[in-house]
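Breakdown of the fold
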Amino acid sequence: MKFFSAKQIYAADKFTIEKQQISSIDLMERAAIQIFNWLHVRMQGAQVKIHLFCGIGNNGGDGLALARHLKEHGYNIEVNVVNYSDKRSKDFLINLDRLKERKVWPNFLERDGEFTVIGPDDIIIDAIFGIGLNRSPDPWVARLIGHLNSSGAFILSIDIPSGLYMDKAIEDVNAVIKANHVLSFQVPKLVFFLPETGVFSNQWEILDIGLDQEYLKDTETEFEVIGKSEVLPMYKPREKFSHKGTYGHSLIIGGSYGKIGAVTLSAKACLTSGSGLVTAYVPRCGYVPIQTALPEVMVITDKNETAIGAITFDIKPTVIGLGIGMGMASETGDALSEFLETNKLPLVIDADGLNLLAKHKSFLNKLPSKTILTPHPKELERLIGTWKDDFDMLKKAKVFSKKYDVILTIKGAHTMTIYNNHGYVNSTGNPGMATAGSGDALTGIITGLIAQGYEPLQAAIFGVYLHGMAGDLAIEHTGYQALTTSKLIDNIGMAFVDLFKMPEPPQEAEPQEKP
Ligand SMILES: NC(=O)C1=CN([C@@H]2O[C@H](COP(=O)(O)OP(=O)(O)OC[C@H]3O[C@@H](n4cnc5c(N)ncnc54)[C@H](OP(=O)(O)O)[C@@H]3O)[C@@H](O)[C@H]2O)[C@H](O)CC1
Ligand SMILES: [K+]
């Protein structure tokens, strides 16, 4: 699914209105009915106090239309118009009239007014600002937002938490609604996925308001979210008349004294994701542990006992995963430098491999085209320098990726793969995966996919998805706390199987009539 800019969403509205021969008020009504149905299915007429806070634009219009439906179904509502501007939208005004016709009289909140008291068991509907926010809210609106956030009431935001911009960072974190749930129209918003802004949408879901599918399909976007429907077409079925040579030979290079486990996990994940053969290249101290833990994996040892001192081998691997548990010894740096001089094989580089690249920036020029780098934010900072905010980070990551022609897979709650000015944001995974060795497993999976013939970009995107899905399947039995990387690896197989499972049918809501 793509992430559209506010401008593209407005254009989609316009296109839909023309093509479906409807008016903008009809689209707003669709949106409001969808939200009403969502609430009605859950509340079943319960008389909990619902405070609606509506701006003066179309987000506010959605809120007023919702208020009308709630009133008609006997809900206990109080409507507040947050009067932050005189420039009221046409559809806001139409809905204000429709509400007054039903004898609902909103409170108009002004700069110096008092705010209503809200109990912790009440519900707040946040329809103050939508995707049209383009400057900091006035201090009194920020104060109102603070008042709502501190009420303890459940906050349901319409489209986007008020105070979040679509395409830039927040100036004042106290002037943003902290939503318990967001009902967003038609398409997800990138800000739900970025670390600094994602915290304002605890949970979110998309409501289909019938924007033109053809328009959405044909419009190019910079970022997209990766789910099952994006990765399924990438899957390469196994041939009946194939053998282990068909699926490539992965070489995992890394390890140092005390960190041989990292290579063990990576090699196991690589094998489990389907690599035909896997060899580990480790210092001598790694020989016995890996041979004992992983009988399927072959081992080549370095001349050194405790840290890699030369990367030379006489096998012909398809792809190399490099850096896990490798340490930063100067002789390891020299070995990497020498290896990169002649290496032509595809590379996946993680952990200390990345730290060595950051320490010796000249190494970056020696990487083969489309090398995959898998940094966590701290490793990324060592590579690209500091950033002001998430948007600045994405800009710098794109520049770096272009400069060195590398694929950047930036690990986080929503791991993002950046290449060729495009960003792929992963949707699988969970907080349990913040555990030792999780990144080592990811390197192994991506390496294993390249071994099987996946293009590097596809391997990075698909590998991140599978890794997250394996973690999601594993926590069904472990919970977050007890999830270990070994258990995640045990679920890689089921993550492949899950690709072919049909999604659960959506819950049917009671349809509502137009006014
Ligand atoms: N296709 C869809 O997704 C649909 C979405 N709908 C809803 O419409 C909103 C977007 O509505 P819009 O009217 O464009 O914008 P807002 O409601 O977010 O804001 C209203 C205006 O407020 C002004 N503005 C912006 N920032 C500030 C500020 N800090 N202080 C005061 N005023 C501000 C701005 O106008 P200006 O001319 O003054 O710049 C905004 O235009 C979307 O989020 C959905 O909820 C439709 O209902 C259906 C289709
Ligand atoms: K909102």
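Within any chain, residue numbers begin from 1 and follow the written order of that chain's sequence. The order in which chains are written sets their letters, starting at A; the order in which ligands are written sets their numbers, starting at 1. Reporting in this predicted model follows two pLDDT cut-offs: at least 70 for local features of residues, and 80 or more for side-chain atom pairs to be given and counted; totals over whole chains, interfaces and linings ignore these cut-offs and use all residues.

1. As for the overall build of the protein
Looking only at helices and strands, one finds 18 helices and 18 strands in the protein. Reported as C-alpha extents along the three principal axes, the dimensions of the protein are approximately 85 × 50 × 45 Å. Expressed as a percentage of the 515 residues in the protein, the buried residues total 48%. Once local pairs closer than 6 in sequence are excluded, the contacts in the protein between residues at least 24 apart make up 75%. Per the convention used, a helix needs a DSSP run of H or I reaching at least four residues, while a strand needs a run of E reaching at least two, with both numbered from the N terminus. The exposure label follows from counting other C-beta atoms within 10 Å of a residue's C-beta, where the C-beta atoms are placed from the backbone and the thresholds are 20 or more for buried and 12 or fewer for exposed, leaving partly exposed in between. Contacts here follow a simple rule: the backbone-placed C-beta atoms of the two residues must lie within 7 Å.

2. Side note on helix α1 (residues 6-20)
In an α-helix, one full turn covers 3.6 residues, which means residues spaced three or four apart are oriented alike. Any helix carries an expected span of 1.5 Å times its number of residues minus one. Counted at 1.5 Å a residue, the expected span for α1 with its 15 residues is 21 Å, and the 21 Å between its end C-alpha atoms agrees. Taken residue by residue, α1 has Ile-9, Ala-12, Asp-13 and Thr-16 as its buried positions. Each buried residue of α1 sits inside an arc of 105 degrees when the element is viewed along its axis, so together they form one side. Pointing more than 90 degrees away from the buried face of α1 are the exposed residues Lys-7 and Glu-18. In this structure, the buried residues of α1 make contact with α2 (24-43) and α7 (213-218). Each direction from the helix axis to a C-beta atom contributes to the arc, which is the arc of those directions.

3. Points about the packing of helix α9 (residues 260-272) against helix α15 (residues 438-451)
Where α9 meets α15, the closest approach of the two axes is 7 Å, and the angle between their N-to-C directions is 35 degrees. Here α9 runs over α15; the crossing is right-handed. Every residue of α15 that contacts α9 at Ala-262, Leu-265, Ser-266, Ala-267, Lys-268, Ala-269, Cys-270 and Leu-271 is listed here: Asp-440, Ala-441, Thr-443, Gly-444, Ile-445, Thr-447 and Gly-448. Note on residue categories: nonpolar means Ala, Val, Leu, Ile, Met, Phe, Trp, Tyr, Cys or Pro, charged means Asp, Glu, Lys or Arg, and polar means any other residue, Gly included. When grouped by side-chain class, the residues that make up the contact of α9 with α15 number eight nonpolar, five polar and two charged. For helices, the fitted line uses only the C-alpha atoms of the stretch in contact; every axis is such a line through C-alpha atoms, and the angle between N-to-C directions lies from 0 to 180 degrees. Handedness of each helix crossing follows the sense of rotation of the near helix against the far helix: counterclockwise by less than a right angle gives left-handed, clockwise gives right-handed.

4. Structural notes on the packing of helix α3 (residues 58-72) against helix α4 (residues 90-101)
Taken N-terminus to C-terminus, the directions of α3 and α4 make an angle of 20 degrees; their axes are 8 Å apart at the nearest point. With respect to each other, α3 and α4 are oriented roughly parallel. Crossing of α3 against α4: the hand is left-handed. Residues Asn-58, Gly-60, Gly-61, Leu-64, Ala-65, Ala-67 and Arg-68 of α3 form the contact with α4, whose participating residues are Asp-91, Phe-92, Asn-95, Leu-96, Arg-98 and Leu-99. In the contact of α3 with α4, the residues fall into six nonpolar, four polar and three charged. Angles below 35 degrees are treated as roughly parallel, those above 145 as roughly antiparallel, those between 65 and 115 as roughly perpendicular, and all remaining angles as oblique.

5. Points about the UniProt feature "binding site: K(+)" (unreviewed entry) in the protein
When the UniProt feature table is mapped to this numbering, "binding site: K(+)" (unreviewed entry) covers Asn-59, Asp-126 and Ser-162. In summary, the annotated positions, though distributed over 104 residues, converge in three dimensions, the widest C-alpha pair being only 9.3 Å. Those residues in contact with Asn-59 that sit more than four places away from it in its chain are Ala-127, Ile-128, Phe-129, Gly-130, Gly-132, Ile-158 and Asp-159. Relative to the helices and strands, Asp-126 is located in strand β5 (residues 123-127). On the basis of neighbour count, Asp-126 is assigned to the buried category, with 31 C-beta atoms found within 10 Å. For Asp-126, the residues in contact, after removing those within four places along its chain, are Phe-53, Ile-155, Leu-156, Ser-157, Ile-158, Pro-161, Ser-162, Ile-177 and Ala-179. UniProt positions are given in the numbering used here, feature names are shortened, and annotations may be inferred rather than shown by experiment.

6. Details of the sheet that holds strand β4 (residues 107-109)
Reading across from one edge, β4-β3-β2-β5-β6-β7-β8 is the order of the seven strands in this open sheet, with parallel pairing throughout. Strands at the two margins of the open sheet, each flanked by one partner only, are β4 and β8 (201-207). Ignoring which end each strand starts from, the neighbouring axes of this sheet average 20 degrees apart. Bridge count for strand β2 (residues 50-54) against β5 is five bridges, and the pairing is parallel. Of the residues in β5, the one forming a bridge with His-51 is Ile-124. In the packing of α3 onto the sheet, the strands contacted are β2, β3 (77-82), β5 and β6 (154-158), and the crossing angle to β2 comes to about 150 degrees. Pairing between strands is defined by DSSP: at least two bridges between them are needed.

7. Here we look at helix α12 (residues 351-359)
Of all nine residues in α12, seven are buried; the element is thus mostly enclosed. Inspection of α12 places Ala-351, Asp-352, Gly-353, Leu-354, Asn-355, Leu-356 and Leu-357 among the buried residues, and these make up the whole buried set. Where α12 is buried, its residues contact β13 (319-322), α11 (330-342), β14 (347-349), β15 (371-373), α13 (377-384) and α15.

8. Regarding the UniProt feature "binding site: AMP" (unreviewed entry) in the protein
UniProt marks Lys-411, Gly-412, Ala-413, His-414, Thr-415 and Gly-439 with the feature "binding site: AMP" (unreviewed entry), using the numbering shown here. Taken together, the annotated residues stretch across 29 residues yet fold into one region, lying no more than 13.6 Å apart by C-alpha. Examined against the element boundaries, His-414 turns out to sit in the loop between β16 (406-410) and β17 (416-419). Aside from chain neighbours lying at most four places away, what touches His-414 is Phe-193, Val-425 and Asn-426.

9. Topic: the domain arrangement of the protein
The domain limits used here are those given by an automatic or database domain assignment. According to the domain assignment, the protein consists of domain 1 (2-217) and domain 2 (247-498). Between domain 1 and domain 2, the C-alpha centre-to-centre distance is 42 Å. Classifying every residue of the side of domain 1 that touches domain 2 gives four nonpolar, two polar and two charged.

10. Quick word on the site of ligand 1
The immediate surroundings of ligand 1 are formed by 30 residues, with Gly-57, Asn-58, Asn-59, Gly-130 and Gly-132 found nearest. Contributions of two or more residues to the shell around ligand 1 are made by α1, α2 and α3. Take the shell around ligand 1: its biggest share by element is five residues, from α3. Placing a C-beta atom from the backbone of each residue, we mark the residue near a molecule or strand if the atom is within 6 Å of it.

11. Focus on the sheet that holds strand β10 (residues 249-253)
Read across the sheet, 11 strands follow the order β1-β9-β18-β17-β16-β15-β14-β13-β10-β11-β12 without closing on themselves; strand pairing throughout is mixed. The open sheet has two free edges, formed respectively by β1 (2-3) and β12 (298-301), since each of these has just one partner strand. Bridge count for β16 against β17 is three bridges, and the pairing is antiparallel. Within β17, the position partnered with Ile-410 by the bridge is Met-416. Of the strands in this sheet, β10, β11 (277-282) and β13 are in contact with α9, which crosses β11 at around 165 degrees.

12. Observations regarding the pairing of β5
Summarising burial for β5: five of the five residues are buried, a large majority. Inspection of the sheet shows β5 paired to β6 by four bridges, in the parallel sense. For Asp-126, the partnering residue across the bridge sits in β6 and is Ser-157. Handedness of a crossover: with both strands directed away from the viewer, a clockwise path from the first strand across the helix to the second marks it as right-handed. In this fold, β5 hands off to helix α5 (residues 139-149), which returns the chain to β6; that crossover is right-handed.

13. A short note on the environment of Pro-106
Note on placement: Pro-106 falls in the loop between α4 and β4. With 21 C-beta atoms counted inside 10 Å, the residue Pro-106 sits in the buried group. Considered as a pair, Pro-106 and Leu-96 are 10 residues apart in the sequence and their alpha carbons are 8.7 Å apart.

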